[in-house]
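# Report on the structure
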Amino acid sequence: MSGGALSSDWAPAYAAVPRAAFLPDLMWPWDMRAGKSVPVSRADDPEAWRAYAESDCPIVTQWDDGDHTGTEPGQVSTSSASMPSVVFRMLRDLDVRRGHRVLEIGTGTGWNAGLLAHRVGPANVVSVEVDGAVATAARGALERFGAPVEVVHGDGAEGHPAGAPYDRVLATCGLRTIPYAWVTQVRPGGLVVSPWGTHYGNGDAVARLVVSDDGRSASGRFTGPVEFMKLRAHRPPQVAHRDYVPGSVADGDETSTAVTEDEFVGGPFSALRFVLGLRVPRCLQVVAEKREGARPVWLYGLGDRSWACVQFREGGAARVWQHGDRRLWDEAEAAYRWWTERGRPEHDRFGLTADADGERAWLDHPGNAWRLRVPGASRP
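These lines cover the structure that appears in this document, whether it is placed above or below. Values in this document were obtained by computation on a predicted structure and should not be read as measured data. (Residues numbered from 1 in each chain as written. Predicted model: local features only at pLDDT ≥ 70, side-chain atom pairs only at ≥ 80, totals over all residues. Heavy atoms only, no water.)

### Quick look at the pattern of salt bridges
Considering all chains together, one arrives at 21 salt bridges under this definition. Between Arg232 and Asp131 there is a salt bridge whose closest N-O contact spans 2.9 Å. Taken together, the positions of Arg232 in the loop between β12 (217-226) and α7 (241-244) and Asp131 in the loop between β7 (125-129) and α5 (132-145) put the pair 101 residues apart, joining distant regions of the chain. Overall, Arg232 belongs to the partly exposed group, its relative accessible area being 29%. What makes Asp131 buried here is its relative accessible area of 9%. Residue Asp364 pairs with Arg349 through a salt bridge whose shortest N-O separation is 2.9 Å. One end of the pair, Asp364, is in the loop between β19 (358-363) and β20 (369-371); the other, Arg349, is in the loop between α10 (328-341) and β18 (350-355), and 15 residues separate them in sequence. Overlapping salt bridges bring together Asp65, Asp131, Arg232 and Arg235 as one network. (Salt bridge = Lys/Arg side-chain N within 4 Å of Asp/Glu carboxyl O. Helix = DSSP H or I, 4+ residues; strand = E, 2+ residues; numbered from the N terminus. Buried < 20%, exposed > 50% of the residue type's maximum accessible area, 1.4 Å probe, protein only.)

### Points about unusual backbone geometry
The residue after Ala164, namely Pro165, is reached through a cis peptide bond having omega 5°. Mapped onto the elements of the fold, Pro165 is located in the loop between β8 (150-153) and β9 (166-171). A positive phi angle, close to 50°, is found at Glu292, a residue other than glycine. Mapped onto the fold, Glu292 is located in the loop between β14 (283-287) and β15 (294-301). Overall, the relative accessible area of 79% leaves Glu292 in the exposed class. Not every positive phi belongs to a glycine, and Arg344 is a case in point at roughly 55°. Looking at where Arg344 falls in the secondary structure, it is placed in the loop between α10 and β18. For Arg344, a relative accessible area of 40% translates into the label partly exposed.

### A short note on the packing of aromatic side chains
Applying the stated criterion across every chain, the model contains 17 aromatic pairs. Judged by centre distance (5.4 Å) and plane angle (50°), the ring pair of Phe22 and Phe145 falls under tilted. On the criterion of sequence distance, the pair formed by Phe22 in the loop between α1 (11-16) and β1 (26-31) and Phe145 in helix α5 is long-range, its members being 123 residues apart. A residue is classified by how much of its surface remains accessible, and Phe145, at 31% relative accessible area, is partly exposed. Ring centres 6.5 Å apart and planes at 80° place the aromatic pair Trp196 and Phe274 in the edge-to-face group. Taken together, the residues Trp196 in strand β10 (residues 186-196) and Phe274 in helix α9 (residues 271-279) connect sequence positions 78 residues apart. The residues Trp196 and Phe274 share a single accessibility class, namely buried. One residue, Arg279, lies across the ring of Trp338, its end atom 4.1 Å from the ring centre. (Phe/Tyr/Trp six-rings, centres within 6.5 Å; stacked < 30°, edge-to-face > 60°. Lys NZ or Arg CZ within 6 Å of the ring centre and 35° of its normal.)

### Some words on the pairing of strand β16 (residues 307-313)
When you tally the buried positions in β16, you get five out of seven residues, the bulk of the element. Relative to β16, β15 runs antiparallel, the two being bridged by seven bridges. Note on β16: the bridge partner recorded for Trp298 is Cys309. In this structure, the hairpin formed by β15 and β16 is closed by a connection of five residues. One ladder, built from five bridges, connects β16 with strand β17 (residues 318-323); its direction is antiparallel. In the sheet register, Cys309 faces β17, and the bridge partner there is Trp321. Counting the residues in the hairpin turn of β16 and β17 gives four residues, including Gly315, whose phi is positive at 80°. (Pairing = 2+ DSSP bridges.)

### A look at the environment of Arg119
One can find Arg119 in helix α4 (residues 111-120). Here Arg119 falls in the buried class, since its relative accessible area comes to 13%. The spacing of Arg119 and Val96 is 23 residues in sequence and 8.0 Å in space, taken between C-alpha atoms. What Arg119 contacts, discounting residues up to four positions off in sequence, is Asp9, Trp10, Val96 and Arg98. (Contact = heavy atoms within 4.5 Å.)

### Description of the sheet that holds β7
Read across the sheet, ten strands follow the order β8-β7-β6-β9-β10-β11-β12-β18-β19-β20 without closing on themselves; strand pairing throughout is mixed. Either end of the sheet is taken by a strand with one partner, and the two such strands are β8 and β20. Taken over all neighbouring pairs, the strand axes of this sheet differ in orientation by 20° on average, direction set aside. As paired elements, β12 and β18 share five bridges and run antiparallel to each other. (Axes fitted to C-alpha atoms, helices over the stretch in contact; angles between N-to-C directions.)

Spelled out as structure tokens, the structure:
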């Protein structure tokens, strides 16, 4: 397993609870060399199936919310088995001990619940899965394996109050806001561990939040970047470009910027992209393909029809157009400057506090916090 993610205390669970016991006969692992999901059938190629099951790669187990048929990949992956290295990094963050009661959000294949059951006992684990077919399959896999965890078919955003209070909540799906129900269902001093991000991009970071002594809030740092399928209610909004720009960029106000493409765009797990989501709320970024040395990057406001386009070009200043009540490029450039002035902090210098009023992000300590919602904007 890569990255030293498997700690010595989780090694017995890894050995005793193989991922292969929870995978379907037909699955779609991510082929690193091909750079895409590929179909693999246990009946047709048992050796390849076993090799992927035991490798450190993500495996799609459902497409298109179950509407997909056939062997080729579908349009949108909607359930999966995460990379083992990611699973065990998050379990390490969870710091679960024997006797703890754990609520898992997003059962998936059931493997993660099986690992938890090995650690704390099946009676101490409750797992919630929104998809009925996925829940049924996971429940069956857990029972066959001898780990009869309670699998609840329901909306994970509501938690599972019937089994509360819990010592730990672990989400295996990406969130765009921490459901306050989870905070209220965890004992004071307990932990909420979840992938969290903004609609600015598809990336997440793992939030490790400690519930306060009075049980009214949870706060803690991010431990590192990840990318998960999103809680269904938190999936990214669909943005139609023509709804924002029915004509051309020339309809916007034109300026320029000295910020370069290499500085601004970054990769999917870059700290800057994460920070832009924190500092430019209710905004979606779309990075277009580079053509003839030019790359447009679009910003779309999610609370109105404001938009911005910056066109980076090799060897010259970037041109900027923006339109609407929000000057989205101005906001983004200000966020970039804010980040660079503070030493380009990585994910683990940032934190999150969640309470009944919403969420605050902060840098280094909760005293450096700011609200994440635009006034009047709906959640998430």
